[in-house]
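Architecture and fold: a report
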Amino acid sequence: MRLYRSIKYQFIILLLIVIFIRTNYWKIHHTLSEDSFSPWMDILEQMLIIKHLTQFKQINKRLSVMLEYGAGGSTFTLSKYVDRYISIEHDLNYCRICERIAISQPNRTITISYMKMNGSNLIEFDRFKQISHDPTIEIYCIPPDEHLTMFQRIFQRPKRSTYSMYRNYVDFVSIYLPDELFDFVLIDGRARPQTAYQILKQLNGQNAKVFVHDWNHRRDYHVITDEFYDIIDQQIRSTQPGGGGLVVLHKKFEVTGQENIDQIQWKHHRQPTWWI
């Protein structure tokens with residue numbers, strides 16, 4: 001009986017360790033890996049984005065502005081090809097890792113703003129600031145609206161990020177940076193279809209490009225191209241864990257993105273069950 005209980009407890013502990021690693025793998029990777037400063041995407045996917053960024057520089061004389069959902073190694077790599085780079089991140093602990101990356105690049109101007117709720121508004125409660133030369137990087141750390149307990153994270157974690165879970169994250173740019181227009185947007189964070197819709201009205205013209213990562217195996221993301229965007233370029237072959245894949249999008253001519261995210265007039269779908 002004692003041997004049975006010992007084996008049972010060891011199995012439970014091992015199971016919990018495996019689940020913890022699976023749900024926190026990317027954090028562990030970025031914390032411990034010597035390659036943690038590199039973008040978490042296939043090199044061919046990176047090259048496709050850089051191709052479009054450099055083409056813009058060759059054609060346009062004005063300054064380029066890029067927005068990113070999901071900060072990380074890509075923030076510090078891709079920002080070298082534009083004049084201003086704004087990134088939105090949902091994990092405050094991971095923003096501390098971004099500080100470590102920033103310190104390793106002292107010749108760059110980088111601001112990391114830590115936000116929290118104060119009543120119905122987000123306010124900044126902490127800031128990392130490093131001043132050097134342009135171009136600038138601005139990272140805003142926006143906590144989720146719904147905080148999952150450890151039990152929920154392990155056993156009840158939803159398959160898709162809903163708008164209600166990440167409302168502040170999705171809406172942050174339209175509320176707090178409403179006058180900004182973006183030439184490029186990289187969507188590689190939470191609630192990707194919802195952020196793709198919400199940013200429509202702040203794209204800088206019809207030629208602004210939106211990059212969506214992990215396209216291959218996440219079929220729910222494809223509602224983006226059914227309803228709001230057209231694919232103009234892509235890198236489907238990828239060695240990225242989870243399937244990877246990157247598409248480059250232009251917004252559809254007839255789509256303005258002016259409707260509230262919970263009042264969209266869907267043309268080709270019913271509102272997905274995971275949308276709100």
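About the criteria used
- Residues numbered from 1 in each chain as written.
- Predicted model: local features only at pLDDT ≥ 70, side-chain atom pairs only at ≥ 80, totals over all residues.
- Heavy atoms only, no water.
- Helix = DSSP H or I, 4+ residues; strand = E, 2+ residues; numbered from the N terminus.
- Buried < 20%, exposed > 50% of the residue type's maximum accessible area, 1.4 Å probe, protein only.
- Disulfide = S-S within 2.5 Å.
- Expected span 1.5 Å × (residues − 1).
- Polar contact = N/O pair within 3.5 Å; in protein donor to acceptor, adjacent residues only side chain to side chain.
- pLDDT = per-residue confidence, 0-100.
- Contact = heavy atoms within 4.5 Å.
- Salt bridge = Lys/Arg side-chain N within 4 Å of Asp/Glu carboxyl O.

Of note, the phi angle at Ala 191 is positive, near 45 degrees, even though the residue is not glycine. Its location among the elements puts Ala 191 in the loop between β6 (184–187) and α7 (192–198). When its relative accessible area of 4% is taken as the criterion, Ala 191 is described as buried. Phi angles above zero are rare outside glycine, and Asp 214 is one such case at about 60 degrees. Residue position: Asp 214 is located in the loop between β7 (209–213) and α8 (223–227).

Moving on to the state of the cysteines. The final tally for this structure, using the stated rule, is one disulfide. The side chain of Cys 95 participates in a disulfide bridge whose partner is Cys 141; the two sulfur atoms lie 2.0 Å from each other. Across the disulfide from Cys 95 to Cys 141, rotation about the S-S bond amounts to roughly -120 degrees, and the bridge is consequently left-handed. In this pair, Cys 95 is assigned in helix α4 (residues 92–103) and Cys 141 in strand β5 (residues 133–141), connecting sequence segments 46 residues apart. Look at Cys 95 and you get buried, because its relative accessible area is 0%.

Compared with the 16 Å implied by 1.5 Å per residue over 12 residues, the 17 Å span of α4 between its first and last C-alpha is a close match. Those residues of α4 that sit buried are Tyr 94, Cys 95, Ile 97, Cys 98, Glu 99, Ile 101 and Ala 102. By the N-cap criterion, in which a side-chain oxygen at the helix start approaches the backbone nitrogen of a residue two or three places on, α4 is capped by Asp 91, the distance to Asn 93 being 2.9 Å.

Further remarks concern the confidence of the model for the chain. When pLDDT is averaged across the chain, the result is 87; 82% of the residues are at 70 or more. The low-confidence segment residues 28–34, where pLDDT is below 50, has 13 contacts with residues more than four positions distant or belonging to other chains.

Before going further, it helps to examine the pattern of salt bridges. The tally for this structure, following the rule as stated, stands at 13 salt bridges. The salt bridge partner of Glu 124 is Arg 127, with a shortest N-O separation of 3.0 Å. In this structure, a network of salt bridges that share partners links the residues Asp 188, Arg 192, Asp 214 and Arg 218.

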